[in-house]
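Below are the chains, spelled out letter by letter.
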Amino acid sequence: MRYYTRDHEWIDVDGASGTVGITDYAQGQLGDVVFVELPEPGRAVEAGKEAAVVESVKAASEVYAPVSGTVTEANAALADTPDLVNSAPEGDGWFFRLTLSDPGQLGGLMDEAAYKAYVETL
């Protein structure tokens with residue numbers, strides 16, 4: 001299942017694992033992405049705290065962890081092709097994978113319908 005944050009991150013959850021990226025709305029606000037700084041595997045991330053950085057022609061922006069956990073993989077493809085964040089933000093442009101330390105935190109996130117309604121208020 002996919003969940004969303006108010007800061008425009010998404011997380012696809014499969015059991016105790018999650019894949020994290022930014023939404024299409026977020027990449028649209030950033031403009032052309034030119035660099036992505038990803039967390040190293042083994043790093044502990046905390047819900048709502050900075051986990052990665054994305055730089056565009058407009059600005060640099062933090063990417064926050066939707067939930068707490070331990071990073072298991074970073075998307076190596078983004079090192080050579082950071083524009084995947086623009087062309088496939090909710091697919092191949094994912095940022096990192098993690099093992100969730102507290103699946104209960106998912107309850108504080110939005111589902112797709114709630115996220116779409118939230119974006120319409122912006």
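Model, not experiment: these values are computed from the prediction.

J.: What's the story with the side chain of R2 in this structure? I'm lost.
T.: Inspection of the secondary structure puts R2 in strand β1 (residues 2-4). Polar side-chain contacts of R2 include one of 2.7 Å to the side chain of D12. A polar contact is formed between the side chain of R2 and the side chain of E90, at a distance of 3.0 Å. Among all residues touching R2, those that are not within four sequence positions of it are W10, I11, D12, E90, M110 and D111.

J.: Can you help me understand the pattern of salt bridges in this one?
T.: Two side chains that carry opposite charge are able to pair once their charged atoms sit near each other. Summed over all chains, the structure comprises 4 salt bridges. A salt bridge links E90 to R2, with the nearest nitrogen and oxygen atoms 3.0 Å apart. One end of the pair, E90, is in the loop between α3 (84-87) and β9 (96-100); the other, R2, is in strand β1, with 88 residues separating them in the sequence.

J.: What exactly am I supposed to notice about the packing of aromatic side chains here?
T.: Within a pair of aromatic rings, the relevant descriptors are the distance that separates the centres and the angle that separates the planes. All chains considered together, the criterion is met by 2 aromatic pairs. When the centroid spacing of 4.6 Å and the interplanar angle of 10° are considered together, the rings of Y4 and Y115 count as stacked. Pair noted here: Y4 is in strand β1 and Y115 is in helix α4 (residues 112-120), with a separation of 111 residues, a long-range link. For Y115, a relative accessible area of 6% puts it in the buried group. Judged by centre distance (6.4 Å) and plane angle (45°), the rings of Y115 and Y118 are tilted. Within this pair, Y115 and its partner Y118 are both found in helix α4, separated by 3 residues, close to a single helical turn. The class for Y118 is buried, based on a relative accessible area of 17%. Chaining the aromatic ring pairs together yields one cluster made of Y4, Y115 and Y118. The lysine or arginine in question, R2, covers the ring of W10, its NZ or CZ lying 4.0 Å from the ring centre. R97 extends its terminal NZ or CZ atom over the ring of W94, reaching a point 4.0 Å from the ring centre.

How each quantity is defined
Residues numbered from 1 in each chain as written. Predicted model: local features only at pLDDT ≥ 70, side-chain atom pairs only at ≥ 80, totals over all residues. Heavy atoms only, no water. Helix = DSSP H or I, 4+ residues; strand = E, 2+ residues; numbered from the N terminus. Polar contact = N/O pair within 3.5 Å; in protein donor to acceptor, adjacent residues only side chain to side chain. Contact = heavy atoms within 4.5 Å. Salt bridge = Lys/Arg side-chain N within 4 Å of Asp/Glu carboxyl O. Phe/Tyr/Trp six-rings, centres within 6.5 Å; stacked < 30°, edge-to-face > 60°. Buried < 20%, exposed > 50% of the residue type's maximum accessible area, 1.4 Å probe, protein only. Lys NZ or Arg CZ within 6 Å of the ring centre and 35° of its normal.

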